[in-house]
Each structure stands twice: as C-alpha cells, then as structure tokens.
Amino acid sequence: MADSSDSVSIDMETISLGGKEYLVKTQHGPISVAVFGDQDKPALITYPDLALNHISCFQGLFFCPEASSLLLHNFCIYHISPPGHELGAGPIGSNELMPSVDDLADQILEVLNFFGLGAVMCMGVTAGAYILTLFAMKYRQRVLGLILVSPLCRAPSWTEWLLNKVMSNLLYFYGMCGVVKELLLKRYFSKEVRGSGQVPESDIVQACIRLLDERQSINVWQFLEAMNGRPDLSEGLRKLHCRSLIFVGENSPFHSEALHMTAKLDRRYSALVEVQACGSMVTEEQPHAMLIPIEYFLMGYGLYRPTLSLSPRSPLSPSCISPELLSPESMGLKLKPIKTRISLEV
C-alpha cells in the first residue's frame, strides 16, 4: 500500500512519528492498520467512531506528551480503521457485500492473526467501542482489557435509529453534505467546542471538519448501516471478565448508554469515569482527563508503573485509587469523581 505521506498535506505532521500502514486482506474485505511503535511490546488495538480514523479520533490523546510516555512508550499501537475510513481511501465498490457488526468484529481477529498477536488491550470510541466489546465477547481469550469511550452496547433506540436513517439517506444521495457534518459534530463534541454564531469553532472541530471532507460518503454509509442494525449486547456483558474502564462525556448524547453498560458489567472488573463539560470524544476534547485513570488501570496489568511507591493492585480496588482521582481541583481538570460498581462495604 502507498505510504501515508502520499495523502493530503494537512495530515503530514500528524503521521510523522514513524507509523507504518498495512492493508490487511480479510474475508470481509481489506482493512487498513496503522502501526506505531516496537512490535515486540504489548499490543494496544484502537477502533474509532463513525466516519473517523486514528488521525481524527485518537490524535489528541496519543500525541500529547503525557500520553506519549504512558501509552506510546509502553505499547505498540495498532490503529484499525473501519473499512474505507483510512486516509486516501477510495469508495468501496457497490458489488462488495456490506459487512455486519459481526463481520467487523471478525476482521479484528484476522488483523490480530496477521500480526501474530495474542491477547491485546483494546480502546474504542462509541461505534468503535461497540465493535471492540462485541469482539471481546466473541473472542474472550484475545482481549486483556477494554478502555471504552462513550460506548454503545444496546440496539439503537427509536430516536437514534431514525436519526441514523436520516443521516444514512443524506450520505447516500447527497454525500458528506453540511447537514451530515453538523449531525456528526453533535455526535462527537460538546456545544462549547462546536461554537456558535458568537463563538468560533475550536481548532479540534475545524480539523475534524477538514478530515470529514476527505471521507468517501459511501464508506461511511456502510459503517452507519451496520451500526444501525446492531444487536443488543447487554445480556452478555455480565460474563465479560476482562477489566473495563469506561469514559463518557457528561454532554455526550450517549451518556445514558455508558451508564447502562456500566450497570450491566460485572462490578468487580469495571469502572466509570464521567468527564464534565465534554462530549462523546473525550480522546480529543479532554484527553488529559483520561491519563490518570488509564495509568491506574494499567498498573493492574504490570504494563505501566508510575514512579510512586504503590503496589500493583487492581486499579479497581478502592484502596488503590489515588486521592488525586477524587479531587478534580488538584488535577486542574473538570473531572467528576470516579464512579465504580464496587461495594464500599468491603
């Protein structure tokens, strides 16, 4: 596959850290994987939300200095793009079979096998969080843990289904038009960063708009159709025994979905972080709010040790949660206290 540097000029600085792009052939069509880091290190798999790729969904988190030391220095990152969502992708042929969410989850298994990976850490945002959760339920031995941002786990509500259908029809007949971009921005970001008549859009929103303009509308349409036909995963979540760390923006349209998912997961293995004044895409809007919770989450795996005299107990143990996590002011963040499903009686 052509190197990513052949793509659009605005993306040059975002892919200059030595990443390599692979096109992995799967039973359900080719899939692009951008690999960053030493492949001898533990693997972290990412999967973005609808109409996004790793540039527009994870750059804010992975390229801030603190995250670089926490993640890039401890993992090899495998950024999986949904079919046709990578930089410079052409339209998916109309003769191609439209993948279901099960097909997309199966593609991840083929990616792992292609790179010779065993069990991996997973990080996904909204639709990507759903695909990775489904993957973890189907292939439990291949998942060490889940870091999910504003995740979905239920079938679409009537409201979401209808909104998706409107967006789907617009994409199919009019492409990535202004109305579609506005609906997607409301899905991703809080009102504060989207701007208004008096307040200009933030830099991250402007960058996202430019990247949305690069998307092939038919490819986004296929992913949206797959997600609009997704089944409810709620009943299987209790049996999911890998540790799960869930982030959700307080202003995310999927806030109630994250609360529902946390309630359904086994409380011994899951924790919830709600981030104030933030939309769905915490990875871009408030990435610093994710750092300390992820740091403590990873301590339980021995994958990252901060320079603190703490024993590597489970980060979901109340005695292991640092006081800083419960004091937003000391962190300089608008972060709600961590909410876990752990009984305080122990």
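How each quantity is defined
Residues numbered from 1 in each chain as written. Predicted model: local features only at pLDDT ≥ 70, side-chain atom pairs only at ≥ 80, totals over all residues. Heavy atoms only, no water. Helix = DSSP H or I, 4+ residues; strand = E, 2+ residues; numbered from the N terminus. Buried < 20%, exposed > 50% of the residue type's maximum accessible area, 1.4 Å probe, protein only. Contact = heavy atoms within 4.5 Å. Areas by Shrake-Rupley, 256 points an atom, 1.4 Å probe, with all protein chains shown as cover. Salt bridge = Lys/Arg side-chain N within 4 Å of Asp/Glu carboxyl O. Expected span 1.5 Å × (residues − 1). Pairing = 2+ DSSP bridges. UniProt positions renumbered as here; feature names shortened; annotations may be inferred. Phe/Tyr/Trp six-rings, centres within 6.5 Å; stacked < 30°, edge-to-face > 60°. Lys NZ or Arg CZ within 6 Å of the ring centre and 35° of its normal. Arc of directions from axis to C-beta. Core = buried A, V, L, I, M, F, W, Y, C linked by side-chain atoms within 4.5 Å. Axes fitted to C-alpha atoms, helices over the stretch in contact; angles between N-to-C directions. Parallel < 35°, antiparallel > 145°, perpendicular 65-115°, else oblique. Left-handed = near helix turned anticlockwise from the far one by under 90°. Nonpolar A, V, L, I, M, F, W, Y, C, P; charged D, E, K, R; others polar.

1. Quick word on the overall build of the protein chain
When helices and strands are counted, the protein chain shows 14 helices and nine strands. Of all 346 residues assigned to the protein chain, the portion counted as buried reaches 57%. Of the contacts made within the protein chain by residues no fewer than 6 positions apart, 76% connect residues no fewer than 24 positions apart. If you sum the accessible surface of the protein chain, you get close to 14800 Å²; carbon and sulfur atoms cover 53% of it.

2. Examining the pattern of salt bridges
For side chains bearing opposite charge, pairing can occur when the charged atoms are close. In this structure the tally under the stated criterion is nine salt bridges. Between D266 and R268 there is a salt bridge, with its nearest N and O atoms 2.7 Å apart. Ionic contacts of the salt-bridge type, sharing partners, join the residues D102, D106 and K138 into one network.

3. A few points about helix α4 (residues 101-115)
Helix length check: α4, at 15 residues, gives a terminal C-alpha distance of 22 Å against a target of 21 Å (1.5 Å per residue), a fit within 8%. Considered for burial, the residues of α4 that qualify are V101, D103, L104, A105, D106, Q107, I108, L109, V111, L112 and F115. Among the residues trailing α4, G116 stands out with phi positive, at a value near 70 degrees.

4. What to know about the pairing of strand β4 (residues 76-80)
Here β4 lies mainly inside the structure; five of its five residues are buried. Relative to β4, strand β2 (residues 29-36) runs antiparallel, the two sharing four bridges. Residue pairing in the sheet places V35 in a bridge with Y78 of β4. As defined by bridge partners, strand β3 (residues 43-47) adjoins β4 across four bridges and the pair is classed as parallel. Following the sheet pairing, A43 is matched in β4 by C76.

5. Structural notes on the UniProt feature "transmembrane region" (unreviewed entry) in the protein chain
Listed under "transmembrane region" (unreviewed entry) in the UniProt record, and renumbered for this structure, are residues 114-136. The span residues 114-136 is 52% helix and 26% strand, and its two end C-alpha atoms sit 18 Å from each other.

6. Side note on the environment of C76
Structurally, C76 can be placed in strand β4. In this view, C76 contacts V35, F36, G37, D38, Q39, K41, P42, A43 and L44; residues no more than four positions away in its chain are not counted.

7. Considering the environment of S244
Inspection of the secondary structure assignment puts S244 in strand β7 (residues 243-249). The sequence separation of S244 and F297 amounts to 53 residues, and the corresponding C-alpha distance is 8.7 Å.

8. Some words on unusual backbone geometry
Look at S150: it is not a glycine, yet its phi comes out positive at around 45 degrees. Along the chain, S150 turns up in the loop between β6 (143-149) and α6 (158-174). At A277, a residue that is not glycine, the phi angle is positive and equals roughly 50 degrees. Relative to the elements of secondary structure, A277 occurs in the loop between β8 (270-275) and α12 (282-285). For A277, a relative accessible area of 28% gives the class partly exposed.

9. A few points about the packing of aromatic side chains
Tallied over the full model, the rule gives 12 aromatic pairs. By the ring-pair criterion, three or more aromatic residues cluster together here, those being Y22, Y78, F114 and F115. The ring of Y130 has R230 lying over it, and the distance from NZ or CZ to the ring centre is 5.9 Å. For R243, the ring lying beneath its charged end belongs to Y301, and the centroid distance is 5.1 Å.

10. A few points about the pairing of strand β1 (residues 20-26)
As paired strands, β1 and β2 are joined by seven bridges and run antiparallel to one another. Considered in β2, the bridge of T26 is made with G29. The loop that links β1 with its antiparallel partner β2 comprises two residues.

11. Structural notes on helix α3 (residues 65-72)
Side chains that are three or four residues apart share a direction in an α-helix, a result of its 3.6 residues per turn. When α3 is considered as a whole, its buried residues turn out to be A67, L70, L71 and L72. Take α3 and look down its axis: the buried residues cluster within an arc of 155 degrees, on one side only. On its buried face, α3 is in contact with β3, α2 (59-62), β4, β5 (120-125) and α13 (288-299).

12. A word on the nonpolar core
If you look at the biggest cluster of nonpolar residues, it comprises 104 residues, and the most contacted ones within it are L71, Y188 and I294. The contact partners of L71, leaving out residues within four places of it in the chain, are L44, L61, F62, I77, M123, I294 and L298.

13. A look at the packing of helix α7 (residues 178-188) against helix α9 (residues 203-212)
Contact geometry for α7 and α9: axes closest at 11 Å, N-to-C directions at 135 degrees. What the angle tells us is that α7 and α9 run oblique. Note that α7 runs across α9; the crossing there is right-handed. Within the contact between the two elements, α7 uses K181, L184, L185 and Y188 and α9 uses V205, C208, I209 and L212. Residue composition of the contact of α7 with α9, grouped by class: seven nonpolar, no polar and one charged.

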